[in-house]
Amino acid sequence: MIDVCVCVGSSCHMKGSYLVIEALKRLISLNNAEEKIVLKASFCSGNCTNGVCMEICGEKITNVTPQKIESIFNEKILPLINK
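So, a few notes on the structure that sits alongside this text. (Residues numbered from 1 in each chain as written. Predicted model: local features only at pLDDT ≥ 70, side-chain atom pairs only at ≥ 80, totals over all residues. Heavy atoms only, no water.)

1. Regarding the overall build of the protein
Looking only at helices and strands, the protein has three helices and four strands in total. Secondary structure elements of the protein, listed N to C terminal, follow the sequence β-α-α-β-β-β-α. Considering only C-alpha atoms, the protein reaches an extent of 35 × 20 × 20 Å along its principal axes. In the protein, once contacts between residues fewer than 6 apart in sequence are set aside, the share between residues at least 24 apart is 65%. Working note: accessible area of the protein is about 4,900 Å², and carbon and sulfur atoms make up 53% of it. (Helix = DSSP H or I, 4+ residues; strand = E, 2+ residues; numbered from the N terminus. Contact = heavy atoms within 4.5 Å. Areas by Shrake-Rupley, 256 points an atom, 1.4 Å probe, with all protein chains shown as cover.)

Structure representation (structure tokens):
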């Protein structure tokens, strides 16, 4: 399973983490990856000044936005799905 965790702490929430999660849900569904990805939310990951933060299999990614999530998904998650 591929662990994808999005911070929903107050700072990330204010910067759009809910929209990032919704976009991820859509991308997971479009790629029929519901059985391969575990999408989680977490509270503060300690990167409050760096925009929305997420982790993919332990790799932290900062400054995530709804506009960037598709390219992050294609570059970081899709290769893991297709292994």
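2. Some details on the sheet that holds strand β3 (residues 52–56)
With mixed pairing, four strands are arranged side by side in an open sheet as β2-β1-β3-β4. Two strands lie at the open edges of the sheet, namely β2 (37–42) and β4 (59–64), each paired on one side alone. Each adjacent strand pair in this sheet contributes to an overall mean axis angle of 20°, direction not counted. Across six bridges, strand β1 (residues 2–7) lies against β2 in parallel orientation. From the neighbouring strand, D3 faces β2, where its bridge partner is V38. This element, helix α2 (residues 17–30), spans β1, β2, β3 and β4 of the sheet and lies at about 155° to β1. Along the sheet face, helix α3 (residues 69–81) touches β1, β2, β3 and β4 and points at about 10° away from the line of β3. (Pairing = 2+ DSSP bridges. Axes fitted to C-alpha atoms, helices over the stretch in contact; angles between N-to-C directions.)

Any link to function would need more than the numbers given here.
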